[in-house]
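Letter by letter, the chains look like this.
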Amino acid sequence: MRELRVLGWDYTTSQRKEHARMMSYYRLTKFNDWPEGSISTEISRREKTKEASR
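Basis of the calculations
- Residues numbered from 1 in each chain as written.
- Predicted model: local features only at pLDDT ≥ 70, side-chain atom pairs only at ≥ 80, totals over all residues.
- Heavy atoms only, no water.
- Pairing = 2+ DSSP bridges.
- Helix = DSSP H or I, 4+ residues; strand = E, 2+ residues; numbered from the N terminus.
- Salt bridge = Lys/Arg side-chain N within 4 Å of Asp/Glu carboxyl O.
- Buried < 20%, exposed > 50% of the residue type's maximum accessible area, 1.4 Å probe, protein only.

A. How the structure looks around the pairing of strand 2 (residues 21–30). Relative to strand 2, strand 1 (residues 10–18) is paired through nine bridges, and the arrangement is antiparallel. In the sheet register, Asp10 faces strand 2, and the bridge partner there is Lys30. In this structure, the hairpin formed by strand 1 and strand 2 is closed by a connection of two residues, where His19 is found at a positive phi of approximately 55°.

B. Spotlight on the pattern of salt bridges. What the rule picks out here adds up to four salt bridges. In this structure, the salt-bridge partner of Asp10 is Arg5, at a minimum N-O distance of 2.6 Å. Of the charged contacts in the structure, one is a salt bridge between Glu42 and Arg45, with a shortest N-O distance of 2.6 Å. Taken as a pair, Glu42 and Arg45 lie in helix 2 (residues 39–52) at a separation of three residues, close to a single helical turn. Taking the relative accessible area as the measure of exposure, Arg45 reaches 45% and is therefore partly exposed. Via salt bridges that share partners, Glu42, Arg45 and Arg46 belong to a single interconnected network.

The structure is reproduced here in structure tokens:
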């Protein structure tokens, strides 16, 4: 899920106890269009760009 933030997506999380189990819920709050080509390659490229700019 963290990789989605690299692509410009944002989400909120919440947890609730239901029937003696903790359930996690995710709500998408912001998104960008899905990039063309390989998603994993695009994530790696953006992470490297971010590291280089530090």
